[in-house]
Amino acid sequence: MQNNVLILDFGSQYTQLIARRVRELNIYCEIHPYNKIPEDITQFKAVILSGSPFSVRGESAPHPDLSKIRKKVPLLAVCYGAQYLAHFNGGKVEASEIREYGRANLSVIKAEEALFENIAENSQVWMSHSDTIKELPENGVRLASTSDVLNAAYRIEGEETFAIQFHPEVYHSTDGKQLLENFLVNIAKVEQEWTPEAFVEMTVTDLQNQIGEDKVVLGLSGGVDSTVAAVLLHRAIGKNLYCIFVNNGLLRKDEFESVLDQYKHMGLNVKGVDASARFLEALAGISDPEGKRKAIGKTFIDVFDDEAHRIQDVKYLAQGTIYPDVIESISVNGPSATIKSHHNVGGLPDYMKLKVVEPLRMLFKDEVRRVGAELEIDKELLGRHPFPGPGLAIRILGDITAEKVRVIQEVDAIFINGLREWGLYDKVWQAGAILLPVNSVGVMGDERTYEKVVALRAVESTDGMTADWVNLPYDFLQKTSNTIINRVKGVNRVVYDISSKPPATIEWE
Ligand code: XMP
């Protein structure tokens with residue numbers, strides 16, 4: 001890939017954000033762990049060193065050999081990167097006497113530097129470190145300070161090596177994106193040609209070369225990733241893409257039929273398989289959340305496997321894996337410990353021995369949506385809230401029965417349709433209804449009732465890692481609650497979940 005930028009990851013929580021900001025500039029970049037510097041560094045047009053939770057003075061801190069990069073490719077060192085560069089090249093890094101955390105304002109000393117072009121004096125930047133650079137490295141020239149940080153930015157004379165102690169990738173750094181653009185476009189001369197259109201063109205050609213006349217099978221979920229992957233593959237290999245859409249009986253109300261219809265309209269070669277009964281049977285009597293996930297995962301594999309075997313001579317399995325999953329599995333710290341046996345409930349048994357194609361493995365979620373729009377996929381489908389693989393099974397607390405699924409489908413439909421009607425759907429990142437294993441007393445007419453409680457949950461988030469509940473209008477909640485209690489038999493109480501993540505999670509199980 002031409003115009004490729006390397007981000008060397010020292011384990012900072014912000015590394016992915018650097019990559020996202022770079023991609024927003026229509027520049028392609030890849031994150032590699034600090035201990036795996038690619039051999040041929042000149043395949044990259046620029047290198048960015050990330051921050052890190054470590055202190056450069058710590059014994060187990062990352063200490064890669066930067067001579068493999070310096071003077072060969074333009075280099076921008078961020079935070080830990082800046083301190084690392086100073087510490088091992090004649091400078092001095094010490095613990096700071098004051099806490100350098102939060103907002104600060106830059107006073108640019110060398111305004112004529114290309115790195116600071118179009119960046120206002122006093123521009124707000126975000127600091128997050130406990131060490132500080134007391135003395136610059138050999139040939140270091142100070143470029144900017146803040147009131148608390150003398151060496152907020154410097155460069156090395158005689159080479160295109162720059163260093164900043166603040167985080168340009170964080171939104172609080174008001175001109176951060178401009179600074180990245182200055183470095184990448186003006187200094188490193190990287191072309192801004194990574195667009196959805198270019199991605200589609202390149203990927204379609206690559207897929208054609210890779211797959212040729214072979215057959216590919218793909219499991220559709222109704223979600224954005226698998227849909228975009230399918231349309232991309234369909235564009236590349238047409239009818240040789242065989243899609244399977246499984247109804248596990250735990251989807252939203254009428255979702256199986258309507259999404260299947262949409263897929264057919266897109267021209268996809270798709271087979272809908274209604275396996276609801278098989279899933280319900282596998283779930284019978286299971287209350288434990290992990291037990292439910294395992295039962296669903298196993299049943300999905302069995303159903304998918306049966307279907308895939310019906311396709312003669314299939315060679316490839318396509319998956320909608322996206323970049324955060326890829327980074328996670330190769331990150332500095334290795335795959336992080338998962339709290340739930342989460343995500344991608346699918347996964348196929350080894351014996352199928354299919355080769356895997358993952359056309360979206362280099363994309364962030366927002367890029368997947370942009371590519372989807374480029375492929376003219378329906379806006380409504382692209383804007384759909386995330387929905388967990390195990391579906392309503394983890395929104396019915398306790399064991400699952402067909403009747404409970406029906407109840408929660410009705411409640412969920414009233415809530416979600418309401419969000420759409422009130423113009424709130426796109427303001428919410430994810431929403432759904434939860435059936436609680438609790439009966440409560442109520443009155444309807446002159447009758448005393450003893451019926452189910454449902455909880456409504458709506459959150460805002462960017463990636464699901466953290467989330468906060470949404471302040472939905474009281475009028476909307478009032479109307480929704482009334483409609484649910486009047487229309488859904490068996491429910492006499494509605495509550496709204498006002499917990500943030502952490503410490504709560506988005507799903508209740
Ligand atoms: P939590 O509940 O962990 O959810 O805050 C974060 C995001 O992940 C989704 N989620 C799942 N997705 N299989 C999935 O495919 C699962 O088992 C699963 N559990 C949670 C959840 O809907 C939210 O978007």
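Higher on the page you've got the structure.
Summarised in this report is the structure supplied together with it. Computed from a predicted model, the values in this text were never measured in an experiment. (Residues numbered from 1 in each chain as written. Predicted model: local features only at pLDDT ≥ 70, side-chain atom pairs only at ≥ 80, totals over all residues. Heavy atoms only, no water.)

**Some thoughts on the sheet that holds strand E6 (residues 107-108)**
For clarity, the cut-off: Being paired, for any two strands, means DSSP has found at least two bridges between them. Only DSSP runs of H or I covering at least 4 residues are called helices, and only runs of E covering at least 2 are called strands; the numbering of each starts at the N terminus. Contacts are residue-level and defined by heavy atoms, with any inter-residue pair within 4.5 Å sufficient. Axis definition: a line fitted to C-alpha atoms, over the contacting stretch in the case of helices. Angles run 0 to 180 degrees between N-to-C directions.
The strand order E2-E1-E3-E4-E10-E9-E8-E6 describes an open sheet built from eight strands, whose pairing is mixed. Single-partner strands in this sheet number two, and they are strand E2 (28-33) and E6. The sheet contact formed by E6 and strand E8 (residues 140-145) spans two bridges and is antiparallel. Across the sheet, the residue bridging to Ser 107 is Ser 145, located in E8. Helix H2 (residues 80-87) rests against strand E3 (44-49), strand E4 (75-78), strand E9 (153-156) and strand E10 (161-164) of the sheet, and its axis sits at about 105° to E4. In the packing of helix H3 (residues 176-187) onto the sheet, the strands contacted are strand E1 (4-9), E3, E4 and E10, and the crossing angle to E3 comes to about 150°.

**Brief notes about H2**
Applicable threshold: Accessible area is worked out with a 1.4 Å probe on protein chains only. A residue is then buried under 20% of its type maximum, exposed over 50%, and partly exposed in between.
Within H2, seven of the eight residues are buried, which leaves it mostly tucked inside the rest of the structure. Taken together, the buried positions of H2 are occupied by Tyr 80, Gly 81, Ala 82, Gln 83, Tyr 84, Leu 85 and Ala 86. Those residues of H2 that are buried lie in contact with E3, E4, strand E5 (92-105), strand E7 (124-135), E9 and E10.

**So, the environment of Leu 435**
With respect to the secondary-structure elements, Leu 435 resides in strand E16 (residues 430-444). With a relative accessible area of 2%, Leu 435 lands in the buried category. Not counting chain neighbours up to four residues away, the residues in contact with Leu 435 comprise Arg 395, Ile 396, Leu 397, Lys 404, Val 407, Ile 408, Lys 452, Val 453 and Val 454.

**Considering the sheet that holds strand E11 (residues 215-220)**
Taken in spatial order, the five strands line up as E13-E12-E11-E14-E15 in an open sheet, and their pairing is parallel. Of all the strands in the sheet, just strand E13 (270-274) and strand E15 (355-357) have a single pairing partner and so form its edges. Ignoring strand direction, the axes of neighbouring strands in this sheet form an average angle of 30°. Where strand E14 (residues 314-318) and E15 come together, three bridges link them in parallel fashion. Residue pairing in the sheet places Ala 318 in a bridge with Val 357 of E15. Where helix H8 (residues 289-309) meets the sheet, it contacts E11, strand E12 (241-247), E13 and E14, and its direction lies at approximately 145° from that of E12.

**Digging into the packing of helix H12 (residues 402-421) against helix H13 (residues 474-487)**
The line we're drawing: Working rule for angles: under 35 degrees goes down as roughly parallel, over 145 as roughly antiparallel, 65 to 115 as roughly perpendicular, anything else as oblique. Handedness of each helix crossing follows the sense of rotation of the near helix against the far helix: counterclockwise by less than a right angle gives left-handed, clockwise gives right-handed.
For the pair H12 and H13, interaxial distance at closest approach is 10 Å and the crossing angle is 150°. As the angle between them shows, H12 and H13 are arranged roughly antiparallel. The handedness of the crossing between H12 and H13 is right-handed. Of the residues in H13, those touching H12 at Val 411, Ile 414, Phe 415, Gly 418 and Leu 419 are Phe 476, Thr 480, Thr 483, Ile 484 and Arg 487.

**Describing the environment of Val 259**
Within the secondary structure layout, Val 259 lies in helix H6 (residues 255-265). According to the relative accessible area criterion, Val 259 is buried, its value standing at 2%. Placed 23 residues apart in sequence, Val 259 and Ala 236 show a C-alpha to C-alpha distance of 22 Å. Among all residues touching Val 259, those that are not within four sequence positions of it are Gly 222, Phe 245 and Arg 384.

**Quick look at the pairing of E10**
Covered by surrounding structure in E10 are Thr 161 and Ala 163 together with Phe 162 and Ile 164, the residues of both alternating faces. When E4 meets E10, the two strands line up parallel, connected through four bridges. Bridged to Leu 75 within E10 is Thr 161. Here E9 runs beside E10; their pairing, made up of four bridges, is antiparallel. Each residue of the ladder has a partner; that of Tyr 154, found in E10, is Ala 163.

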